[in-house]
Amino acid sequence: MIGANTISCPNCGGSIAVRAAGYTVSLACQYCGALLDVANPDVRVIKQYREAVAQLPLPLGSRGTLFGVEWEAIGWQERQNSGALWTETLLFNPYAGYRWLVHFEGHWQFGTMLTETPQSFADSTVRWRGQAWVANDAPTTTVTNRVLGEFYWRVHAGETVGTAEYAHGNDTLSRETNADEINWTHLVALRPSEVRTSFHAPDADATVEDTPAEDTPTRTGGLLTRWADLPLYGENDAVMMVWTAVLAIVLVLTGMMTFGAVTAAVSSKMTVQIDGPATQVTVGTLTVDRASQRMRLTANTDNAFVNTWVDLDYALVNRKTQQAIRADGTVEFYAGRDTDGSRWTEGNGYLNLYIASVPRGTYDVVVQAQGHHWTDPKAIAPVATNGWDSVLTSARDVTFIASVGGMDWGVFWTIVALLATPPLVLLYWQMKQRQHT
Amino acid sequence: MPDISCPSCGAAVPLRKAAVPYVVCPQCQSLLLRSDDDLKTVGQAAVLPFDVSPIQIGTCGTADDLFFEVVGRVRWGWTDGAWNEWLLAISDGTTRWLGEAMGTFMLLRDAPQACELPTIRAFANGGTIIPGTRVNVGGQEFIAADVKAATCLGAEGQLPFAAPAHWTITSVDFRNTDGASLSVQRDANETSVWIGRYVELTDLAPKGLRRFDDWAMPQGLQ
């Protein structure tokens, strides 16, 4: 079966192939220019044009392959607005539908009609397929001067539509509006040689520099315009941000684990007399073999450590210089019963102290501890008056561990929070947006 | 598949697997109603004018992971053009429509729940919808893109309704920002709503497309 239908021009009698039979509504006779209505079986002349049939850059009926699809040029129109004159060739393939070839000052653009409506989300900006498209100029009126060949709508010379163009890089979104319809077309720039070779039209624009059409002539160039062209946000930004954050967190974790491994650790145990004199013990000797490293000083008490606090004074004594880095803290744990009978506790019976950057060197870790007893004034039977209690709490074992290196989880979780917040905020915002629409 | 003779002209009427009551005789365009294993002439469908649609009765494909076969078509004309609606028999026993206009395709399924929307109900009761009207169906907002009065130009194959010549409808197409599509059609008796999306022919992995001697089948289609 041939994908075309033949009719006779009622004006000049010429035999015309209807290439997109069934879709084509109006047809301008290629011999006499008469505009024919072919929407109905009885072909009739809509209007006779006296002007000569135009010379077309791509003859009607010529075929070429663009983007992997063979197209036939079936219609042509010359259009203009206040500032420019250009032509549009309608391409057809029965399996792929319609496309446009827009020809302006030797440059070509390939146009595809959109089936979705770009979202306008700011003055002079629309969003389509995750990208922001910025208006080139103020909307204008476009007039069709001449038509030739087939069209899927009732085209006629003098037809006017409102047009607005939006740019993203070299691509253009064009919006055409009339009383009944709003149509959007996506235009991509082609190299003139692409059109020449694929349509075997050697004369078409051989003199024009072979670069894709720049359809943003009003662009002033420079960094600011480039920034203005950047999309405000894309459809996939949130997902990309989440993945970037996850990747960054993994990298940070790997890095911190690698450099934060414990390189040396010592431990020692001492018995602290509660309400007794201060006692001192050397936990051990540690060597910092990098320029500076973190040191962790841990003090653990036994399970019976209640209503007691132990003041700890650490000194890291550099063997070579005998200078000391000092740190102090308190291990404390209190428990009791309120007058209403409810139990309460405070503190936790262990202490972790961190010294962020200890310089390279060998250190004796010395700790001095002094224990104190605390009496709950609200206790119904004050524990301190119970002789057993003072015996029980008179001495407590404290285990000290000092280590060089180690993972700084606080820093890690801070980084996680900072990295995860922006994508989560965006995801939340998008979710809210979706609920709105 | 069983072929039954047309009670009007005696030609064999091929019946495909679709649970729809009407079929158009390919020979004489008689509109036939199926009852049990019998066919009864109930009217006359118009002869389809020639068109270059790539779809034909018997074209198969996949939509939403379900196999389909094209079993029927109605062609609608309005003052400035025409479009096709192809009936798809889906492997799960349901039917859908593949709308074809200006070389674009819409895959649509019945959306009876949308008939209850105030805008649609007012339209069903004789009201009008103008382009730009918004409706919200299942969380998706649609904007009326065009409104047309159309007449049935012809029909072929199997159909869920009688499609007599000169049957007139009012058809409203809605679009949205994501390529979804909503179609509302009203005739003298009832209003139906169809929801779906725009699709590319290649998305349907079609087989058995119509061949044209002067056009090569593009890669990926057959």
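Residues numbered from 1 in each chain as written. Chains lettered and ligands numbered in written order. Predicted model: local features only at pLDDT ≥ 70, side-chain atom pairs only at ≥ 80, totals over all residues.

1. As for the overall build of chain A
Moving on, step 1. Scanning chain A for helices and strands turns up five helices and 24 strands.
Moving on, step 2. Taken across its 437 residues, chain A has 28% of its residues classed as buried.
Moving on, step 3. Long-range contacts, defined here as pairs at least 24 residues apart, represent 61% of the contacts in chain A between residues at least 6 apart. (Helix = DSSP H or I, 4+ residues; strand = E, 2+ residues; numbered from the N terminus. Buried ≥ 20, exposed ≤ 12 C-beta atoms within 10 Å, placed from the backbone. Contact = placed C-beta atoms within 7 Å.)

2. Remarks on the overall build of chain B
Moving on, step 1. When you go through chain B residue by residue, the secondary structure sums to one helix and 15 strands.
Moving on, step 2. Counting only residues that meet the buried cut, chain B has 39% of its 222 residues in that class.
Moving on, step 3. Taking all contacts inside chain B whose residues are at least 6 apart in sequence as the whole, residues at least 24 apart take part in 48%.

3. Focus: the pairing of strand β6 (residues 63-66) of chain A
All names here are of chain A.
Moving on, step 1. Sheet analysis places β6 next to strand β7 (residues 69-80), joined by four bridges and oriented antiparallel. By the bridge assignment, G64 is partnered in β7 with W71.
Moving on, step 2. Between β6 and β7, which pair antiparallel in sequence order, lie two residues; one of them, F67, sits at a positive phi of approximately 55 degrees. (Pairing = 2+ DSSP bridges.)

4. A word on the environment of V134 of chain A
Moving on, step 1. Along the chain, V134 of chain A falls in strand β13 (residues 131-135).
Moving on, step 2. Note on V134 of chain A: 20 C-beta atoms within 10 Å, which makes it buried.

5. Some words on the confidence of the model for chain B
All names here are of chain B.
Moving on, step 1. Averaged over all residues, the pLDDT of chain B is 88; the fraction at 70 or higher stands at 98%.
Moving on, step 2. Averaged over each element, pLDDT in chain B is lowest for strand β1 (residues 3-5) (79) and highest for strand β9 (residues 95-101) (94).
Moving on, step 3. Scored by ipTM, the complex comes to 0.86, with pTM at 0.63. (pLDDT = per-residue confidence, 0-100.)

6. With respect to the interface of chain A and chain B
Moving on, step 1. The interface is formed by 31 residues belonging to chain A together with 35 residues belonging to chain B.
Moving on, step 2. Breaking the side of chain A that touches chain B down by element, the ones donating at least two residues are β7 and β9 (97-104) of chain A.
Moving on, step 3. Split by residue class, the side of chain A that touches chain B holds 16 nonpolar, 10 polar and five charged. (Nonpolar A, V, L, I, M, F, W, Y, C, P; charged D, E, K, R; others polar.)

7. Some words on the sheet that holds strand β24 (residues 395-404) of chain A
Residue and element names in this part refer to chain A.
Moving on, step 1. Judged by pairing direction, the sheet is antiparallel, and its seven strands sit side by side in the order β18-β24-β19-β23-β20-β21-β22 without closing on themselves. What marks the edges here is a single partner per strand, and that holds for β18 (264-273) and β22 (343-347). The average angle at which neighbouring strand axes cross in this sheet is 15 degrees, direction not considered.
Moving on, step 2. Looking at chain direction, strand β19 (residues 279-301) and strand β23 (residues 350-373) are connected through 17 bridges and run antiparallel. Directly across from N300, in β23, lies its bridge partner Y350. (Axes fitted to C-alpha atoms, helices over the stretch in contact; angles between N-to-C directions.)

8. Overview of the nonpolar core
Moving on, step 1. Within the largest apolar cluster, 96 residues are counted, with the highest numbers of intra-cluster contacts made by L91 and L101 of chain A together with L32, L88 and A163 of chain B.
Moving on, step 2. A total of eight residues in this core trace back to one element, the largest contributor, which is strand β12 (residues 140-159) of chain B.
Moving on, step 3. Leave out the neighbours within four places in its chain, and L101 of chain A touches L58, T89, L91, W108, F110 and V195 of chain A. (Core = buried A, V, L, I, M, F, W, Y, C linked by C-beta atoms within 7 Å.)

9. Brief notes about unusual backbone geometry
The bulk of non-glycine residues show a negative phi, and the bulk of peptide bonds are trans.
Moving on, step 1. A positive phi angle is found at D275 of chain A, which is not glycine, with a value near 60 degrees.
Moving on, step 2. Residue class for D275 of chain A comes out exposed when judged on the 12 C-beta atoms lying within 10 Å of it.
Moving on, step 3. Here the phi dihedral of D64 of chain B falls at roughly 50 degrees; this positive angle occurs in a residue that is not glycine.
Moving on, step 4. Tracing the chain through its elements places D64 of chain B in the loop between β6 (60-63) and β7 (66-78).

10. What to know about the environment of W108 of chain A
Residues and elements named next belong to chain A.
Moving on, step 1. Mapped onto the fold, W108 is located in strand β10 (residues 107-113).
Moving on, step 2. The buried category is assigned to W108, around which 27 C-beta atoms lie within 10 Å.
Moving on, step 3. Separated by 85 residues in sequence, W108 and S193 place their C-alpha atoms 9.8 Å apart.

11. What about the confidence of the model for chain A?
Residues and elements named next belong to chain A.
Moving on, step 1. Looking at chain A as a whole, the pLDDT averages 81, with 84% of positions reaching at least 70.
Moving on, step 2. The weakest mean pLDDT in chain A belongs to helix α2 (residues 223-229) at 41; the strongest belongs to strand β8 (residues 85-93) at 92.
Moving on, step 3. Here residues 215-230 is a poorly scored stretch, pLDDT under 50, and it has 16 contacts once near neighbours within four places are set aside; other chains count.

12. Thoughts on the environment of L101 of chain A
All names here are of chain A.
Moving on, step 1. Position of L101 relative to the elements: it lies in strand β9.
Moving on, step 2. Residue L101 is classed as buried on the basis of its 24 C-beta neighbours within 10 Å.
Moving on, step 3. Taking the C-alpha atoms as reference points, L101 and L91, 10 residues apart in sequence, are found 7.2 Å from one another.

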